[in-house]
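Commentary on secondary and tertiary structure
Each chain, written out:
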Amino acid sequence: MDSIEAFLSGGATRSTATRAAAIPDAPVEATSANDAGDSIAAFLSSAQPPQPEPQAEPESKEYGAGTFASDFGKKAAGSMVGGTLAIPKGAEDAAKVGARRALTGDLIDKSNVPSLKLFKLGTMYLQDALGIRSLKEQFQDKKDVGIAVDKALSSVSIPGTDALNNYGRKVQRDIEESISAEGKQRLKDSTPEGNIFKGEMSFGENPTVSGYALQAAGVFGSLAPVIISTVVTKNPNVGAAVGGGMAAGEGGQSAREYVAKLSHEQLMEASPYYREMINDGKISQDEAKSIITDRAASSAAALQGMVAFFGDRVTGKLVTGAYDDIIRKAAGSGTGAAARARRGAVVGTVAAGEEALQETTEGVAADLGVKSEVSSKEVGEDSFGNLVL
């Protein structure tokens, strides 16, 4: 055993000495376990393929002209389709105002014809004097009739109007959903907000020219049916009727969405008629809310549609040339390109000013219609946005 150990020990010594002799000035050291581990780790490390370095995420693509043009067309098309298919529902909502007044007797009560009012009062007092129905009973009858009429009107609709309105809104949502992500963001960042009657004005979180151009596309889409119908028929009244119907549909829909968000407690506080119906205990909360919703939608549709009718009639006359003489006087004489440019500038300024005033007035009118049923509705809530766009 000693001889074997001596042999191994000598071999190890000779091996180390030989390596030292082969490499001049190399220190003579015994190989340790740590040195061997380091060598193996270095070998394995060199044998592994290089790991790729983390790459920075690519920057967002530029909003190109082609994408913008596509988004512009989609925004305009969505507004045109949704607004046009809402016309029948808007007309129905507005017509319910007259039907309600006729069926409940308000048409006579609120008439400006003295003879009609005297006849109604005389009939009531005569029934009271003859013991047929006391005045108190007659007033209660009138209230019950009003609720019965409202309940009936809120539950009926012209066949097809709801389906057409819902389909139009769905198509509009689908079209606008296909707008590029960058276009949607620019629209969101370029949405003007505020109530001008409270001094609130905001042009958006991060407004851009392209974002406002996309917003203008929506306005153009809602105006296109008015212009097209006027040009085709050469009758401003036809375009006014189309615009009035579209505005009535918009007003009725916005009223429904507003009332739908209100709870029972909020309606009890803000709607006297709702509170009266609930306290009488003759109808359920759902029925009462349905009545308030329908009445608010009818009032908003009628008022906004009326404002739009007269405003779009002015637009139609601009399109058909009814104001050409006035425009020529305002722009000055001349027949060259400069004169045509001046007339175009006058027409553009008048049209833009009229549209801004009309949109603002429409919004206020719709708010007043809702507020007539629910006092918590803020008048002019979106007035700055309507003024700008």
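In this report, we go over the structure that sits alongside the text.

What to know about the packing of helix α15 (residues 324-331) against helix α16 (residues 337-371)
The angle between the axes and the distance between the axes are what describe a pair of packed helices. Put simply, α15 and α16 touch, their axes get as near as 9 Å, and they point 115° apart. For the pair α15 and α16, the sense of crossing is right-handed. On α16, the residues that touch I327, R328, A330 and A331 of α15 are R342, R343, V346 and V347. Considered class by class, the residues forming the contact of α15 with α16 number five nonpolar, no polar and three charged.

Some thoughts on the packing of aromatic side chains
One pair of aromatic rings is described through two measures. These are the centre distance and the angle between the planes. For the structure on display, the rule yields four aromatic pairs. Their ring planes at 80° and their centres at 5.2 Å tell us that F203 and F384 sit as a pair that is edge-to-face. A residue pair is termed long-range when its members are at least 10 positions apart, and F203 in the loop between α9 (181-189) and α10 (209-233) and F384 in helix α17 (residues 383-388) qualify at 181 residues. Looking at F203, the relative accessible area reads 48%, which means it is partly exposed. For the cation-ring pair, K377 lies above Y258, with the distance from its terminal atom to the ring centre recorded as 4.7 Å.

A closer look at the side chain of D312
By secondary structure assignment, the location of D312 is in helix α14 (residues 285-320). Buried within the structure, D312 lacks any salt-bridge partner; its nearest side chain of opposite charge belongs to R313, at an N-O separation of 11 Å. Looking at D312, its side chain comes within polar contact range of the side chain of Q358, at 3.1 Å. In this structure, D312 is in contact with L223, V226, G239, A240, G243, G244, E354 and Q358, ignoring residues within four places of it in sequence.

What counts and how
Residues numbered from 1 in each chain as written. Predicted model: local features only at pLDDT ≥ 70, side-chain atom pairs only at ≥ 80, totals over all residues. Heavy atoms only, no water. Axes fitted to C-alpha atoms, helices over the stretch in contact; angles between N-to-C directions. Helix = DSSP H or I, 4+ residues; strand = E, 2+ residues; numbered from the N terminus. Left-handed = near helix turned anticlockwise from the far one by under 90°. Contact = heavy atoms within 4.5 Å. Nonpolar A, V, L, I, M, F, W, Y, C, P; charged D, E, K, R; others polar. Phe/Tyr/Trp six-rings, centres within 6.5 Å; stacked < 30°, edge-to-face > 60°. Buried < 20%, exposed > 50% of the residue type's maximum accessible area, 1.4 Å probe, protein only. Lys NZ or Arg CZ within 6 Å of the ring centre and 35° of its normal. Lys, Arg positive; Asp, Glu negative; His and termini not counted. Salt bridge = Lys/Arg side-chain N within 4 Å of Asp/Glu carboxyl O. Polar contact = N/O pair within 3.5 Å; in protein donor to acceptor, adjacent residues only side chain to side chain.

Keep in mind that these numbers describe shape and distance, not what the molecule does.
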